[in-house]
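# Fold and contact review
The lines below spell out each chain.
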Amino acid sequence: MKKGLFLALSLAASMSLNAAVLASVNGKDIKEEDLAPLLGAHGSDFNKIPEQMKKQLIEMAINGELILEQAKKDGIDKTKEYKDALKFSEDNVLRNVWTQNEYKKIKISEADVKAFYEKNKDTIFVSPAQVKAKHILVATQKEAEDIIAQLKGLKGDALTSKFSELAKTKSIDRGSATNGGELGWFDESRMVPAFSKAAFGLKNGAITIKPVKSEFGYHVILKEDSKAKTTVAYDKVKNNIEEQLRAEKFRGVMQDKMDKLRQGAKIEYK
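Residues numbered from 1 in each chain as written. Predicted model: local features only at pLDDT ≥ 70, side-chain atom pairs only at ≥ 80, totals over all residues. Heavy atoms only, no water.

What follows covers the pairing of strand β1 (residues 21–25). By the bridge criterion, four bridges tie β1 to strand β2 (residues 28–31) in an arrangement that is antiparallel. Bridge pairing in β2 places Ala23 opposite Ile30. The turn joining β1 and β2, which pair antiparallel and follow one another in sequence, is formed by two residues; a positive phi near 50 degrees is taken by Asn26. (Pairing = 2+ DSSP bridges. Helix = DSSP H or I, 4+ residues; strand = E, 2+ residues; numbered from the N terminus.)

See below:
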């Protein structure tokens, strides 16, 4: 509730006061800014969402206005339940705004960001080596050997074409078979050990000369391409690092503030 209310208020404040009128209910206009609480993850730009969703949001806003009118007619705004809920909402907004303001005060230097990157670039910021491959999975070693025999001597496009043809007709892995055995890019951890070892051990454009046995059956593998292990560039991760360091620092700052606030408060457990 806290996050939703704060988000709604933030979105409402960010929308144009001159937004177009989308509908009216008993003479009251419904504008784009009135849909802010309903936009949620779509952000504040009403024009970027699909037409069907726009219509649904407008209908929801109309229903909401009708409910509001009826609630006022029924005197809900005079009840204790309403006043208690309003106070609760106001208090939550105060807490959220204060917390956001404290978060904005947290500063992280460029030097701290670079130091974190340098310390972790060989572990956290590493993109592992990858292979792009096709495979044909069959139930027996004999079937795999027959397929390898049919592919023997082929290279380049001829090999790829024939491999895809056999994958579509022979492979029992129907998920990849429909795409000619294509598995896409993967690192060593994505596949069972025997498969990864064989795929990474091949040269680009080559096939396994012996069937590769796994718990799933027997594989014939075509290695299409490969990428070496790389370190992700600093510029691509510096913003994420900064936010991570800010969040960590914020937690410490907030803990200190809460400790001081609690020390100066009279707290009784009953």
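With that settled, the discussion passes to the pairing of strand β7 (residues 217–227). In this sheet, β7 lies alongside strand β4 (residues 130–138) in antiparallel orientation, the contact comprising nine bridges. Along β7, the bridge assignment pairs Lys134 with Leu222. For strand β6 (residues 212–214) and β7, the ladder comprises three bridges, and the chain directions are antiparallel. Looking across to β7, one finds that Lys213 is bridged to Tyr218.

To continue, consider the side chain of Glu69. You can see Glu69 is positioned in helix α3 (residues 51–73). Summary of buried charges: Glu69 has no salt-bridge partner, and the nearest side chain of opposite charge, Lys73, is 4.9 Å away. Among all residues touching Glu69, those that are not within four sequence positions of it are Val25 and Asn26. (Buried < 20%, exposed > 50% of the residue type's maximum accessible area, 1.4 Å probe, protein only. Lys, Arg positive; Asp, Glu negative; His and termini not counted. Salt bridge = Lys/Arg side-chain N within 4 Å of Asp/Glu carboxyl O. Contact = heavy atoms within 4.5 Å.)

Turning our eyes to something else, we now look at the UniProt feature "domain: PpiC" (unreviewed entry) in the protein. UniProt records the feature "domain: PpiC" (unreviewed entry) for residues 128–225 in the present numbering. For the annotated span residues 128–225, helix accounts for 40% and strand for 27% of the residues, and the straight-line distance between the end C-alpha atoms is 14 Å. (UniProt positions renumbered as here; feature names shortened; annotations may be inferred.)

Viewed as axis vectors pointing N to C, helix α6 (residues 141–151) and helix α7 (residues 156–170) meet at an angle of 155 degrees, and their least axial separation amounts to 10 Å. Classified by the angle their axes make, α6 and α7 are roughly antiparallel. For the pair α6 and α7, the sense of crossing is right-handed. Along the contact surface, α6 presents Ile147, Gln150 and Leu151, while α7 presents Leu159, Lys162, Phe163, Leu166 and Lys170. Residues belonging to the contact of α6 with α7 are distributed by class as follows: five nonpolar, one polar and two charged. (Axes fitted to C-alpha atoms, helices over the stretch in contact; angles between N-to-C directions. Parallel < 35°, antiparallel > 145°, perpendicular 65-115°, else oblique. Left-handed = near helix turned anticlockwise from the far one by under 90°. Nonpolar A, V, L, I, M, F, W, Y, C, P; charged D, E, K, R; others polar.)

Another aspect to go through is the nonpolar core. Core analysis: the largest hydrophobic core is formed by 14 residues, its most contacted members being Ile136, Val138, Ile147, Leu151, Phe163, Ile207 and Val220. Every element with two or more residues in this core is listed here: β4, α6, α7 and β7. Not counting residues within four places of it along the chain, the set of residues in contact with Ile136 comprises Ile147, Phe163, Leu166, Ala167, Lys170, Ser171, Tyr218, His219 and Val220. (Core = buried A, V, L, I, M, F, W, Y, C linked by side-chain atoms within 4.5 Å.)

It is worth spelling out the packing of aromatic side chains at this point. Using the criterion set out here, one finds six aromatic pairs in the structure. Ring centres of Phe116 and Phe125 lie 6.3 Å apart, and the angle between their planes is 70 degrees; this geometry places the pair in the edge-to-face category. When sorted by exposure, Phe116 lands in the same class as Phe125, which is buried. An aromatic cluster is defined as three or more aromatic residues linked by ring pairs; in this entry it consists of Phe116, Tyr117, Phe125 and Tyr234. Stacked on the ring of Trp185, the Lys or Arg Lys227 has its end atom at 4.3 Å from the ring centre. (Phe/Tyr/Trp six-rings, centres within 6.5 Å; stacked < 30°, edge-to-face > 60°. Lys NZ or Arg CZ within 6 Å of the ring centre and 35° of its normal.)

In this section: the confidence of the model for the protein. Confidence along the protein averages 90 in pLDDT terms, with 91% of residues attaining 70 or more. Between residues 1–17, whose pLDDT stays under 50, and residues either more than four places distant or in other chains, the model counts 27 contacts. (pLDDT = per-residue confidence, 0-100.)

Right, let's talk about α7 for a bit. Helix length check: α7 (15 residues) gives 21 Å between terminal C-alpha atoms against 21 Å at 1.5 Å per residue, within 8%. Within α7, burial applies to Leu159, Phe163, Ser164, Leu166 and Ala167. On its buried face, α7 is in contact with β4, α6, α8 (174–177) and β7. (Expected span 1.5 Å × (residues − 1).)

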